[in-house]
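Architecture and fold: a report
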Amino acid sequence: MIKRLVQVSIAILITFALVLPAVAGTQKIGYANLQKALNDCDAGKVAKENLQRKAEDLETDLNAKQEELKKLKGEIDSKRSIWNKEMLNTKEELFVSKSRAFETQFREYNEEINNKKQAEEAAIIEEFAGIVEELAKKRGYTYVIERSLGGLLYAEPENDLTAEVIKIHNKRFSKRGR
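Further remarks concern helix α3 (residues 42-79). Here α3 spans 55 Å end to end across 38 residues, near enough to the 56 Å set by a 1.5 Å rise per residue. Turning to α3, its buried residues are Ala43, Gly44, Ala47, Leu51, Leu58, Leu62, Leu69, Leu72 and Ile76. Check the buried side of α3 and you find it contacts α2 (34-40), α4 (85-139) and α5 (162-175).

Here's what the structure looks like:
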């Protein structure tokens, strides 16, 4: 019980040590919504379009394989009564094998899309972090908090760096030639 009281007391002291300087006005805190920036910046839109195209290509491939499975299943169902047991077993094993391959490919395609999405988003977010750091130093911010993570309930709009992060990133992105 006393150990728990000591832990809570230490946590409160640490909180006051961090909060009091900010309340006293010695520190300036800004924020940016990087999820909004990711969705609204040109690079994010291009990445989303590229991922959409890739997903559509993979979906076309999967649809063709699924159609092949449907045809095989239809053939098995329609010829079940006229095939001998050996032929039926062979076709059913082929169907099971192709079904498993289809499921595996479906998972691999989803994983490929997710990995590509995460990699592209991570690269853009990393660029945002550099821009946020530049803006924070330029404007004298001690801290910049990421708004979309839900930890910030209210802040003055003039401390929102999101629009400027997007503007700077778009400018740099267009200079790179997309």
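Turning our eyes to something else, we now look at the pattern of salt bridges. The tally for this structure, following the rule as stated, stands at 14 salt bridges. When the shortest N-O distance is used, the salt bridge between Asp77 and Arg80 registers 3.9 Å. The exposure class of Arg80 is partly exposed, given its relative accessible area of 36%. Salt bridges sharing common partners tie together Lys73, Asp77, Arg80 and Glu92.

Counted by the stated rule, this structure contains zero aromatic pairs. Positioned over the ring face of Tyr141 is Lys28, at 4.6 Å from the centre of the ring. The ring of Phe95 has Lys73 sitting right over it, with the charged end atom 5.7 Å from the ring centre.

For the pair α3 and α5, interaxial distance at closest approach is 8 Å and the crossing angle is 60°. Note on element contacts: α5 touches α3 through His169, Asn170 and Phe173, opposite Asp42, Ala43 and Val46.

Reading the values: the criteria
- Residues numbered from 1 in each chain as written.
- Predicted model: local features only at pLDDT ≥ 70, side-chain atom pairs only at ≥ 80, totals over all residues.
- Heavy atoms only, no water.
- Helix = DSSP H or I, 4+ residues; strand = E, 2+ residues; numbered from the N terminus.
- Expected span 1.5 Å × (residues − 1).
- Buried < 20%, exposed > 50% of the residue type's maximum accessible area, 1.4 Å probe, protein only.
- Contact = heavy atoms within 4.5 Å.
- Salt bridge = Lys/Arg side-chain N within 4 Å of Asp/Glu carboxyl O.
- Phe/Tyr/Trp six-rings, centres within 6.5 Å; stacked < 30°, edge-to-face > 60°.
- Lys NZ or Arg CZ within 6 Å of the ring centre and 35° of its normal.
- Axes fitted to C-alpha atoms, helices over the stretch in contact; angles between N-to-C directions.

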